[in-house]
Amino acid sequence: MTHKSNGMKIDFKWFGGGNWMIVANGIKIICDPVLCPVDTIHNYGFFKSKRISPPSFSSDDLQNVNIWLFTHGHKDHCDFWTYKPIEAGSKVIADLSASVQLKKFGIDNVQILQWENKSAVTFQNGIKIVIESVPAVHGLGAFKGKSVGNGNGYMIDFFCYDKKFSVYTTGDTLPNQQSINAVVNKSFDLVIANVGNAVIGKGLMAKVIGRITMNISDLVSFRKYLKTKTLIPIHWD
């Protein structure tokens, strides 16, 4: 997807899973870069998951990345392959759980954003980016979300002089009062929504915990609170 308006060019590319890239007038952000090959098994201890489709990216996509974003530390958002393309001069923003994983990979220059905190950076080409962390509750209710492992959604504002382009990426959240409160009365040019109707394991555990990412009905419900020109569902593959 490409957006052009008033001197600002925004390119969006989905790599697969919860992984995407935005390039704004040459400034590049990549979120949740899980680059492992198809059929990779992620072991979470009490259950496992397998990557069912290969990531779609080129080597050029991973060059000269200005900002790396991580929503949380689960292996389908922050895996062993993640650290390899991260260059020393890049800005890295993450929640606490992802920062722990990144440190294991030798990535120490991580800015941890808790909910409702912001980070801002201005580049030489006139682009200013403001990133605000918002709640991503990874389950049906506060207790289940905390048990599974909550993370961050991000509201990202791109400013080019007097022009603005606003993005909201949900992270792995279910519609809940916290996520709704974060976005209500705000407007976005693009919403990137993690869906997939994921559950933990099979049998009793899956029934007790329930889904941990949105299904289509959840997204339709959440959509009522989202003022956006474009909504792109990801993480369903």
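A quick note: this is a predicted structure, and the numbers were derived from the prediction, not measured.

**Describing the overall build of the protein**
Item 1. Looking only at helices and strands, one finds five helices and 15 strands in the protein.
Item 2. Rg of the C-alpha trace for the protein: 17 Å, near the compact-globule value of 18 Å for 237 residues, within the 12% margin.
Item 3. With the C-alpha coordinates of the protein rotated into their principal frame, the extents come out at 55 × 40 × 30 Å.
Item 4. Within the protein, the fraction of its 237 residues that count as buried is 53%.
Item 5. As displayed, the protein has an accessible area near 11100 Å², and 54% of this comes from carbon and sulfur atoms.

**Brief notes about the pairing of strand E8 (residues 91-94)**
Item 1. Where strand E7 (residues 67-70) lies against E8, four bridges are found, and the strand directions are parallel. Across the sheet, the residue bridging to Trp68 is Val92, located in E8.
Item 2. Each parallel crossover has a hand, and for E8 linked through helix H1 (residues 96-104) to strand E9 (residues 110-112) it is right-handed.

**Things to note about the environment of Ala182**
Item 1. Looking at the secondary structure, you find Ala182 in helix H3 (residues 177-183).
Item 2. For Ala182, a relative accessible area of 13% translates into the label buried.
Item 3. Note: C-alpha distance between Ala182 and Gly210 (28 residues apart in sequence) is 24 Å.
Item 4. Sequence-distant contacts of Ala182, defined by excluding residues within four places in its chain, comprise Val134, Pro135 and Met155.

**Some details on H1**
Item 1. For H1, the complete set of buried residues consists of Ala98, Ser99, Gln101 and Leu102. Across the axial projection of H1, the buried residues extend over an arc of 160°, all falling on one side. Those residues of H1 that are exposed and aimed more than 90 degrees away from the buried face are Leu96, Lys103 and Lys104.
Item 2. Contacts from the buried residues of H1 go to E7, E8 and E9.
Item 3. Positive phi shows up at Gly106, right after H1, with a value of about 90°.

**Here we look at the packing of aromatic side chains**
Item 1. Counting across every chain of the model gives five aromatic pairs.
Item 2. For the ring pair Trp14 and Trp236, a centre distance of 5.1 Å and an interplane angle of 50° mean the geometry is tilted. Here Trp14, found in strand E2 (residues 8-16), pairs with Trp236, found in the segment after strand E15 (227-234); they are 222 residues apart in sequence, far enough to count as distant.
Item 3. On the accessibility criterion, Trp236 (52% relative accessible area) is exposed.
Item 4. Aromatic pair Phe15 and Phe57: ring centres 5.8 Å apart, planes at 35°, arrangement tilted. Within this pair, whereas Phe15 is found in strand E2, its partner Phe57 is found in the loop between strand E6 (48-50) and E7, the two being separated by 42 residues in sequence.
Item 5. For Phe57, a relative accessible area of 30% puts it in the partly exposed group.
Item 6. Taken together, the aromatic side chains of Tyr168, Phe188 and Phe222 make up a single cluster linked through ring pairs.

The rules we used
- Residues numbered from 1 in each chain as written.
- Predicted model: local features only at pLDDT ≥ 70, side-chain atom pairs only at ≥ 80, totals over all residues.
- Heavy atoms only, no water.
- Helix = DSSP H or I, 4+ residues; strand = E, 2+ residues; numbered from the N terminus.
- Rg over C-alpha atoms; globule rule 2.2 N^0.38 Å.
- Buried < 20%, exposed > 50% of the residue type's maximum accessible area, 1.4 Å probe, protein only.
- Areas by Shrake-Rupley, 256 points an atom, 1.4 Å probe, with all protein chains shown as cover.
- Pairing = 2+ DSSP bridges.
- Right-handed = clockwise from strand over helix to strand, strands pointing away.
- Contact = heavy atoms within 4.5 Å.
- Arc of directions from axis to C-beta.
- Phe/Tyr/Trp six-rings, centres within 6.5 Å; stacked < 30°, edge-to-face > 60°.

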